[in-house]
Amino acid sequence: MCYNSVMSLPQDDFILLSVVNTRLRDEYSSLEELCSSEGASLSEICARLGALEYCYDAKANAFVRK
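Note that the coordinates shown come from a computational prediction; the quantities given were computed from them, not determined experimentally.

Turning our attention to the pattern of salt bridges. This structure, assessed with the given rule, holds four salt bridges. The partner of E38 in a salt bridge is R23, with the nearest N and O atoms 3.3 Å apart. With a gap of 15 residues between them, E38 in helix α2 (residues 31–38) and R23 in helix α1 (residues 13–26) connect regions that are remote in the sequence. When its relative accessible area of 26% is taken as the criterion, R23 is described as partly exposed. The closest approach of N and O atoms between R48 and E44, which form a salt bridge, is 3.4 Å.

Pasting the structure below:
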């Protein structure tokens, strides 16, 4: 069975942080790759996690505290 779905972003921003960082660690080599593959909005993820004072660190391939 083949699925072509869009990543459903968790409503809670701290859960979003956990889900995104876990997927970056386990499945994707960059945030852009995650968003492209999952159909997620890069700008929405960055804005929501930015409000928690986290930013994407490409070298670490993770959202880290500012």
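Still more to cover.
Our focus in this paragraph is unusual backbone geometry. With the exception of glycine, most residues fall at negative phi, and the peptide bonds are largely trans. Even without being glycine, E53 reaches a positive phi, approximately 70°. Taking the relative accessible area as the measure of exposure, E53 reaches 47% and is therefore partly exposed. Unlike most non-glycine residues, N61 shows phi in positive territory, near 50°.

Okay, helix α3 (residues 42–51) next. Within the sequence span of α3, burial applies to I45, R48 and L49. Take α3 and look down its axis: the buried residues cluster within an arc of 90°, on one side only. Set apart from the buried face of α3 by more than 90 degrees, the exposed residues are S43 and A51. Of the surrounding elements, those touching the buried residues of α3 are α1, α2, β1 (54–57) and β2 (62–65). Where α3 ends, the next residue or the one after it, E53, has phi of about 70°, a positive value.

Taking 1.5 Å per residue as the helical rise, α1 with its 14 residues ought to reach 20 Å, and the 20 Å between its terminal C-alpha atoms agrees with that figure. Taken residue by residue, α1 has L16, L17, V20 and L24 as its buried positions. Seen end-on, α1 carries its buried residues on one side only, within an arc spanning 100°. In α1, the exposed positions that point more than 90 degrees away from the buried face belong to F14 and R25. On its buried face, α1 is in contact with α2, α3, β1 and β2.

What counts and how
- Residues numbered from 1 in each chain as written.
- Predicted model: local features only at pLDDT ≥ 70, side-chain atom pairs only at ≥ 80, totals over all residues.
- Heavy atoms only, no water.
- Salt bridge = Lys/Arg side-chain N within 4 Å of Asp/Glu carboxyl O.
- Helix = DSSP H or I, 4+ residues; strand = E, 2+ residues; numbered from the N terminus.
- Buried < 20%, exposed > 50% of the residue type's maximum accessible area, 1.4 Å probe, protein only.
- Arc of directions from axis to C-beta.
- Contact = heavy atoms within 4.5 Å.
- Expected span 1.5 Å × (residues − 1).

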